[in-house]
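An overview of the molecular structure
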Protein chains: 2
Amino acid sequence: MCSRIAVDLFFDVFSPYSWIGFEGLMRYQKVWPISVRLRPFYFAGIIKATKNNGAPLMLAEKESYMDLDLKRNSTYWGVPVSLPMNFKNLVFTKSSANAQRLLIALQKEQPSLLEEAARLMWIRTFTHHIGVFHKEDLMEIMSDLEIENPTALLELASSHDVKDALKINTSEALDMGCFGAPWIHVHTPSGKIEPFFGSDRLPLIGHLIGEPYEGPLNHLAEHHSSLTELK
Amino acid sequence: MCSRIAVDLFFDVFSPYSWIGFEGLMRYQKVWPISVRLRPFYFAGIIKATKNNGAPLMLAEKESYMDLDLKRNSTYWGVPVSLPMNFKNLVFTKSSANAQRLLIALQKEQPSLLEEAARLMWIRTFTHHIGVFHKEDLMEIMSDLEIENPTALLELASSHDVKDALKINTSEALDMGCFGAPWIHVHTPSGKIEPFFGSDRLPLIGHLIGEPYEGPLNHLAEHHSSLTELK
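Residues numbered from 1 in each chain as written. Chains lettered and ligands numbered in written order. Predicted model: local features only at pLDDT ≥ 70, side-chain atom pairs only at ≥ 80, totals over all residues. Heavy atoms only, no water.

1. Examining helix H1 (residues 16-28) of chain B
- An ideal rise of 1.5 Å per residue puts 18 Å on 13 residues; H1 of chain B measures up with 19 Å between its terminal C-alpha atoms.
- Burial within H1 of chain B is extensive, with 13 of its 13 residues counted as buried. (Helix = DSSP H or I, 4+ residues; strand = E, 2+ residues; numbered from the N terminus. Expected span 1.5 Å × (residues − 1). Buried < 20%, exposed > 50% of the residue type's maximum accessible area, 1.4 Å probe, protein only.)

Structure, rendered in structure tokens:
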């Protein structure tokens, strides 16, 4: 029962590479002896705390390359990720905090819906370019998830407990040296925590735990029901 | 004869990730239909031109992570790379220009020695932590390579032609959006140039050319004769 290796995925729905990392780990959880724990954190808090001026959007050349690199990752992983036209503006004017808090509230109340909720937020932001920043966005997401009492869940999402939980996840990543997203902690059988940055470290994670990297495993992709439901 | 896909590897012996990318491509050249063209360029020129303040050494968290990430890559690829104690100081006080120019001179005069010369420079810098910055370092390298007339080669290395060739390689990468090293251009059969950044893009390059990524291929590693010869 407890022989699976715990892997924490720290992610933010504002980060397209978090989506790639998330889908990768969800697939590898089916073939590797790992148990992925989803840890919503606050990406803007990471960038601020580390003064990471080297994040892709801060450098024109990296921004152009990021667009190209995401297209390639999209084809490779079969994940319909693309940058909204105004992504840079979005990042500097909107906050993912409410969306991240809703995920944490959901994790407390209906944990079985967390995976699909996160996926739905990425699909809204990076496939349909609608976003997840306003109350109406979050209400629509909860409607898609058939949440019975969305108002109560939104209230929980703005509670001190949930706000603290988001801060705690963010701090835990920062304490291990985090400077970007996705950020991954592999809890090795010897009791160590091995931190990894990025969506492209699955070959190295596999090497660490003695399992082979076998590519994008597209046949193990979750069915994106939300893709057909959303217009 | 010409059916192999040309792949340009822009690299600097001052960049440890360039070494990983180099060994990866050298091995995949044996199993994929690619022909790797080695293109020494000037990493410091790239960082300066793009004002890339996000390079790993500019951010404390990235610097720590880079050390950990390189150790993992070293084990995974079987490449004996480790950072010299004073690497950051080295990067800001020394220049790789003379070493890079010597590689270009060698490429003109004795191209069959280029691969081993580059490897030898990385081994000096990132295995034995000796360096390749002074004339004596370069003389030792030429001695290891059994170059017959090292003085003439050093003269060629400081000629206008060679200096220009280094600038041209650097500009060519910059023109395609380069902001770091290693930088790779895949010349697709349809006549396009696809740029890739980093030592970790072999899965995506494979996907682009329709070939599978099969891990580090350690059984295809070149014998590092220089490792045993150097003390």
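2. Observations concerning unusual backbone geometry
- Residue Ala181 of chain A is joined to Pro182 of chain A through a cis peptide bond whose omega torsion reads -5°.
- Its location among the elements puts Pro182 of chain A in the loop between helix H9 (160-175) and strand S3 (183-187).
- The phi dihedral of Leu217 of chain B is positive, around 50°, even though this residue is not glycine.
- Tracing the backbone through its elements, the reader meets Leu217 of chain B in the loop between helix H10 (202-209) and helix H11 (225-229).

3. Looking at the sheet that holds strand S4 (residues 193-197) of chain B
Residue and element names in this part refer to chain B.
- Taking strand neighbours across the sheet as the criterion, the four strands line up as S2-S1-S3-S4 in an open arrangement whose pairing is mixed. Strands at the two margins of the open sheet, each flanked by one partner only, are strand S2 (34-40) and S4. For this sheet the average axis-to-axis angle between neighbouring strands, irrespective of direction, equals 20°.
- In the sheet, strand S1 (residues 5-11) pairs with S2 via seven bridges, with the strands oriented parallel. Its bridge partner lying in S2, Val7 is registered against Val36. (Pairing = 2+ DSSP bridges. Axes fitted to C-alpha atoms, helices over the stretch in contact; angles between N-to-C directions.)

4. Some thoughts on the pattern of salt bridges
Residue and element names in this part refer to chain A.
- Throughout the structure, instances matching the rule amount to 32 salt bridges over all chains.
- The salt bridge partner of Lys30 is Glu222, with a shortest N-O separation of 2.8 Å. Of the two residues, Lys30 sits in the loop between helix H1 (16-28) and strand S2 (34-40) while Glu222 sits in the loop between helix H10 (202-209) and helix H11 (225-229), which places them 192 residues apart along the sequence.
- Linking Glu172 and Arg39 is a salt bridge whose minimum nitrogen-to-oxygen distance equals 2.8 Å. (Salt bridge = Lys/Arg side-chain N within 4 Å of Asp/Glu carboxyl O.)

5. Examining the packing of H1 of chain A against helix H6 (residues 114-126) of chain A
All names here are of chain A.
- Following both chains from N to C, one finds H1 and H6 inclined at 140°, their axes separated by 11 Å at the closest point. Between H1 and H6, the interaxial angle falls into the category oblique. Every pair of crossing elements has a handedness; the one defined by H1 and H6 is left-handed. Along its contact with H1, which presents Pro16, Ser18, Trp19, Phe22, Glu23 and Met26, the element H6 presents Glu115, Ala118, Arg119, Trp122, Ile123 and Phe126.
- Residues of the contact of H1 with H6, tallied by class, amount to eight nonpolar, one polar and three charged. (Parallel < 35°, antiparallel > 145°, perpendicular 65-115°, else oblique. Left-handed = near helix turned anticlockwise from the far one by under 90°. Contact = heavy atoms within 4.5 Å. Nonpolar A, V, L, I, M, F, W, Y, C, P; charged D, E, K, R; others polar.)

6. Observations regarding the relation of the copies chain A and chain B
- Overlaying chain A with chain B gives an RMSD of 0.0 Å, the required rotation being 180° about an axis along which the chain moves by 0.0 Å. Classification of the inter-copy transformation places it as that of a two-fold axis.
- Looking at chain A, 100% of its interface residues are interface residues in chain B too, so the copies touch through the same face. (Least-squares fit on C-alpha atoms with pLDDT ≥ 70 in both.)

7. Things to note about the packing of aromatic side chains
- Applying the stated criterion across every chain, the model contains 33 aromatic pairs over all chains.
- Ring geometry for Phe14 of chain A and Phe133 of chain A: centres 4.9 Å apart, planes at 45°, overall tilted. Separated by 119 residues along the polypeptide, Phe14 of chain A in the loop between strand S1 (5-11) and H1 and Phe133 of chain A in the loop between H6 and helix H7 (135-144) bring together distant segments of the chain. Of the two residues, Phe14 of chain A and Phe133 of chain A, neither departs from the other in class, the shared state being buried.
- Plain terms: the ring middles of Phe87 of chain B and Phe126 of chain B are 5.4 Å apart, the flat faces sit at 65° to each other, and that makes the pair edge-to-face. (Phe/Tyr/Trp six-rings, centres within 6.5 Å; stacked < 30°, edge-to-face > 60°.)

8. Quick word on the pairing of strand S3 (residues 183-187) of chain B
Residue and element names in this part refer to chain B.
- Burial runs high along S3: four of the five residues are buried.
- Judged from the four bridges that link them, S1 and S3 form a sheet pairing that is antiparallel. Pairing of Leu9 across the sheet is with Ile184, part of S3.
- By the bridge criterion, five bridges tie S3 to S4 in an arrangement that is antiparallel. Bridge pairing links Ile184 to Phe196 in S4.

9. Remarks on the UniProt feature "active site" (unreviewed entry) in chain A
All names here are of chain A.
- Mapped onto this numbering, the UniProt entry gives "active site" (unreviewed entry) at Ser15.
- Within the element layout of this structure, Ser15 appears in the loop between S1 and H1.
- Ser15 sits in the buried class, given a relative accessible area of 3%.
- Sequence-distant contacts of Ser15, that is, excluding residues within four places in its chain, are made with Trp122, Phe126, Ala181 and Pro182. (UniProt positions renumbered as here; feature names shortened; annotations may be inferred.)

10. With respect to the nonpolar core
- Core analysis: the biggest nonpolar cluster contains 150 residues, and Ile34 and Met121 of chain A together with Ile34 and Met121 of chain B have the highest contact counts within it.
- Here Ile34 of chain B is in contact with Arg4, Ile5, Val7, Leu25, Tyr28, Gln29 and Ile209 of chain B, once residues within four sequence places are set aside. (Core = buried A, V, L, I, M, F, W, Y, C linked by side-chain atoms within 4.5 Å.)

11. Looking at the sheet that holds S3 of chain A
Residue and element names in this part refer to chain A.
- On the basis of which strands lie adjacent, the open sheet formed by four strands has the order S2-S1-S3-S4 and mixed pairing. Single-partner strands in this sheet number two, and they are S2 and strand S4 (193-197). Averaged over neighbouring strand pairs, the angle between their axes works out to 20° when direction is ignored.
- Sitting on the sheet, H1 touches S1, S2 and S3, and the angle it makes with S2 is about 155°.

12. Digging into the side chain of Ser96 of chain B
Residues and elements named next belong to chain B.
- Along the polypeptide, Ser96 turns up in the loop between helix H4 (87-93) and helix H5 (97-109).
- The exposure class assigned to Ser96 is buried, which follows from its relative accessible area of 2%.
- A distance of 2.9 Å separates the side chain of Ser96 from the side chain of Asp12, its partner in a polar contact.
- If we ignore the near neighbours within four places in the chain, the residues touching Ser96 are Asp12, Phe14 and Tyr42. (Polar contact = N/O pair within 3.5 Å; in protein donor to acceptor, adjacent residues only side chain to side chain.)

13. Describing the confidence of the model for chain A
- On average, residues of chain A score 93 in pLDDT, and 94% of them reach the 70 mark or higher.
- Here the prediction assigns the complex a pTM of 0.93, and the interface score ipTM is 0.91. (pLDDT = per-residue confidence, 0-100.)

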